[in-house]
Amino acid sequence: MDRKDQRTEDTWDLSGLVKDGKTWERKMARLAVLFRKASSFKGHLGESSDSLFKALEYYKKVSMEAERVGNWAFLMYETDGTDSENMRRLGTYQAAAADFSQRFSYFTPELLAIDSKTIKEWMKEPRFKEYRIWMKKTLREKDHVLSEKEEHLMSLFSPVSGSSQKAFMDLNNSDLDFGEIDGEKLTHSSYATFIRSKDESIRERAYRQYYKVYDDHKHTIADLYSASVQEDIFVSRARGFRSSLEAALFPDRIPESVYTSLIDTVHEAFPVLHEYYRVKARILGKEKLHHWDCYVPMVDGMKSHHSYDEAVDLISEAVKPLGEEYRSVLVSGLTKNRWVDRYENKGKRSGAFSAGGYAGNPYILTNFEEDVLDSVFTLIHEGGHSMHSWYSVHSNPYMNYDYSIFEAETASTFNENLLSHYLMENAKSKDEEAYIIGKNLDDEVATLFRQTMFAEFELRIHELAEKQNPITLSVLRSEYRKLLEAYFGDAMIFEDVSDLEGLRVPHFYNAFYCYKYATGLSASIALSERVLNGGEKEREDYISFLKSGGSRYPMEALRKAGVDMRTKEPVKAATEHFRMLLERFKEIRF
């Protein structure tokens, strides 16, 4: 449908950020004036604690207002990227923010030039309480902050930064036309339905039609991704990191061993992953699977239709182990408080996300499909993100509220685990139990194994580029096909276009993001088992983790919640959990 045809109650209420377009224009004009004051603190930060405090208060004020104005423009654009006003407003904000970045580029170098002992003494003053954690994290970046002139040059690059990602997203969400299947529009969202069809001819047609469009644009997309990789490498080298991986992990203080250990541990579990695909082939009555068979449910014939309201009812029951406050706030957000933009429309971003800020609500974009059980899991997944944001905002001052993506993927997949547990506990027959286990297996493949494959692909491509190897379409396809063959094993028949899958993953434009899904799931399996099998203390440990926001580094926050991601054990336990589910499934079905 067109955006204008959406019912108001099915869209999110952004009035907590900005009332409407006219109000946004006024706020943007005031923000632009505030931005222009950025240079007024230059040369004065180290004069006294008063000077530094005034500068920090300004930084907080301008950041909060920019977040509010920027989020509104971004969220409007994400619901309809074809609307010229949405495009203009987002572009206006981004240009102003880039100008501010240039004006304020002196700030961090000048701040870090102040003697560390002096700063620590100033931070003891009560008025600096809100800034202490932020300052500690900023001081840690000292070795990777450049001189004032160099930082100014980096800020001049910011309007160009992310251009390849924006171009890919515009192409992928707005320009690509996948045609129709039996009179129904083929889109990113409807593809998820077609590819699960019981009719193999529909699955194959959807697959071939979908990938033909990517085949038609493969050179352009390959160039866009190559440019994104080169940008990652440029920034990492400019800031003195040994690699783009080190640069990506540094802000969250994640050891590189966590990333590489994830890949190694998942490789050790290849035998059970390959057995999963052999079982799926057996279920479908085939010797080997085609690529379009991978997403067919393991159990056929179970009712999976849920209206949006029915999905919320399910979610309400599933999250009860987290207490009444968590349940009631989430349910209200999903319904009467309109956190969610529910259904697909032309120009709307594919997939789903949660966007939490200090102002307004934690907003959820989804493209809900009533006949796809995944849509219920997506909703509770994004609800986990949103409740993480809600607790963080309500438990921290602005400078400390924003948590890392590493932690975020734990909070979201934790909720998926609760839903799976609830559905299995309430299964009315072995067939229904098998259906839920099969769904769980499919999801763990998607989140643990597939995201690790994506993470390995990103690492391979960045390492090749860092060794001066050209990242061509041929290289991208070759490396991705090697991984397809390794992860899927001998139970799979691939098509000529199968390796084009590596060109259509939006998260590749946020380098080294995908591993967080796999580590997040591993942590969440451990934590959800701890909560479900524990009592008040275990629940409060988890809620305290949600409340911690950005007050701790993620590894520390997760340790306090009850899981140590520095070891291989959580990932090994997750693959063992997968093995046990697969064995139980085989017991029921065979």
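Structure: above.
The structure displayed is predicted, hence computed values, not measured ones. (Residues numbered from 1 in each chain as written. Predicted model: local features only at pLDDT ≥ 70, side-chain atom pairs only at ≥ 80, totals over all residues. Heavy atoms only, no water.)

To continue, consider the overall build of the protein. Helix and strand counts for the protein come out as 24 helices and seven strands. The globule rule puts the C-alpha radius of gyration for 590 residues at 25 Å, and the 24 Å found for the protein is close to it. Projected onto its principal axes, the C-alpha coordinates of the protein cover approximately 75 × 55 × 50 Å. Considering the protein as a whole, with its 590 residues, one finds that 56% of them fall into the buried category. A fraction of 76% describes how many contacts in the protein between residues 6 or more apart in sequence connect residues 24 or more apart. Of the roughly 25000 Å² of accessible surface on the protein, a fraction of 49% belongs to carbon and sulfur atoms. (Helix = DSSP H or I, 4+ residues; strand = E, 2+ residues; numbered from the N terminus. Rg over C-alpha atoms; globule rule 2.2 N^0.38 Å. Buried < 20%, exposed > 50% of the residue type's maximum accessible area, 1.4 Å probe, protein only. Contact = heavy atoms within 4.5 Å. Areas by Shrake-Rupley, 256 points an atom, 1.4 Å probe, with all protein chains shown as cover.)

The subject of this paragraph is the sheet that holds strand β6 (residues 363-365). Note: strands within a sheet are paired through backbone hydrogen bonds, in either parallel or antiparallel orientation. Taken together, the three strands give an open sheet; going across it, the order is β4-β6-β5, and neighbouring strands pair in mixed fashion. Sheet topology places β4 (340-341) and β5 (353-355) at the edges, where each strand pairs with a single neighbour. Looking at chain direction, β5 and β6 are connected through three bridges and run antiparallel. Residue pairing in the sheet places A355 in a bridge with Y363 of β6. Along the sheet, helix α2 (residues 49-79) contacts β4, β5 and β6; its crossing angle with β5, the most-contacted strand, is approximately 160 degrees. (Pairing = 2+ DSSP bridges. Axes fitted to C-alpha atoms, helices over the stretch in contact; angles between N-to-C directions.)

Below, the discussion takes up helix α22 (residues 536-547). In an α-helix there are 3.6 residues to a turn, and that puts residues three or four apart on one side. Taking 1.5 Å of rise per residue, the 12 residues of α22 would be expected to cover 16 Å, and the 16 Å separating its terminal C-alpha atoms lies within 8% of that figure. Tucked inside the fold, the buried residues of α22 contact α16 (324-334), α17 (373-395), α18 (405-425), α21 (515-532) and α23 (554-561). Directly beyond the C-terminal end of α22, a positive phi value near 55 degrees is found at G549. (Expected span 1.5 Å × (residues − 1).)

Tracing the chain through its elements places R208 in helix α10 (residues 200-216). Residue R208 is classed as partly exposed on the basis of its relative accessible area, which comes to 39%. Placed 130 residues apart in sequence, R208 and R338 show a C-alpha to C-alpha distance of 38 Å. When neighbours within four sequence positions are excluded, R208 is seen to be in contact with W292 and E495. For R208, the side chain forms a polar contact with the side chain of E495, separated by 3.2 Å. (Polar contact = N/O pair within 3.5 Å; in protein donor to acceptor, adjacent residues only side chain to side chain.)

Core analysis: the biggest nonpolar cluster contains 134 residues, and Y259, Y276, Y277, Y326, L334, L441 and Y542 have the highest contact counts within it. The element best represented in this core is helix α19 (residues 430-466), accounting for 15 residues. Sequence-distant contacts of L334, defined by excluding residues within four places in its chain, comprise Y308, V312, I315, V340, R342, I364 and L379. Core analysis: the second largest hydrophobic core is formed by 49 residues, F41, L111, F128 and Y131 among them. (Core = buried A, V, L, I, M, F, W, Y, C linked by side-chain atoms within 4.5 Å.)

Within the secondary structure, D252 sits in the loop between α12 (244-249) and α13 (256-268). No salt bridge is formed by the buried D252; its nearest oppositely charged neighbour, K516, is found at 4.1 Å. Those residues within four positions of D252 in sequence are excluded, and the remaining contacts are S404, F406, K516, Y553 and P554. (Lys, Arg positive; Asp, Glu negative; His and termini not counted. Salt bridge = Lys/Arg side-chain N within 4 Å of Asp/Glu carboxyl O.)

A separate point is the packing of aromatic side chains. Enumeration according to the criterion identifies 51 aromatic pairs in this entry. For the ring pair F100 and F104, a centre distance of 5.1 Å and an interplane angle of 20 degrees mean the geometry is stacked. As far as the burial class goes, F100 and F104 line up, both buried. Grouped by ring-pair contacts, the aromatic residues F35, F41, Y58, Y59, F100, F104, Y106, F107 and W134 constitute a single cluster. Positioned above the aromatic ring of F250, the side-chain terminus of R140 is 4.0 Å from the ring centre. Between R282 and the ring centre of F590, over which it is positioned, the NZ or CZ distance is 3.8 Å. (Phe/Tyr/Trp six-rings, centres within 6.5 Å; stacked < 30°, edge-to-face > 60°. Lys NZ or Arg CZ within 6 Å of the ring centre and 35° of its normal.)

Our focus in this paragraph is the pattern of salt bridges. For the coordinates displayed, the defined rule picks out 57 salt bridges. Between R103 and D99 there is a salt bridge whose closest N-O contact spans 2.7 Å. One end of the pair, R103, and the other, D99, are both in helix α3 (residues 84-103), four residues apart, so they sit about a helical turn from each other. In this structure R103 comes out as partly exposed when scored by relative accessible area, which is 31%. Taking relative accessible area as the criterion, D99 reaches 31% and is therefore assigned partly exposed. Across the pair E246 and R242 runs a salt bridge whose closest N-O atoms are separated by 3.5 Å. The class of R242 is exposed, set by a relative accessible area of 65%. Taken together, the shared-partner salt bridges in this structure form one network comprising E275, R278, D490, E583 and K586.

Its identity is not glycine, yet D182 carries a phi of approximately 50 degrees, on the positive side. Tracing the backbone shows D182 in the loop between β1 (180-181) and β2 (184-185). Of note, R253 is a non-glycine position whose phi angle comes to about 60 degrees, a positive value. Residue position: R253 is located in the loop between α12 and α13.

Throughout the structure, instances matching the rule amount to zero disulfides. The closest cysteine sulfur to the non-disulfide-bonded C294 is located on C514, 18 Å from its own sulfur. Assessed through its relative accessible area of 0%, C514 is described here as buried. (Disulfide = S-S within 2.5 Å.)

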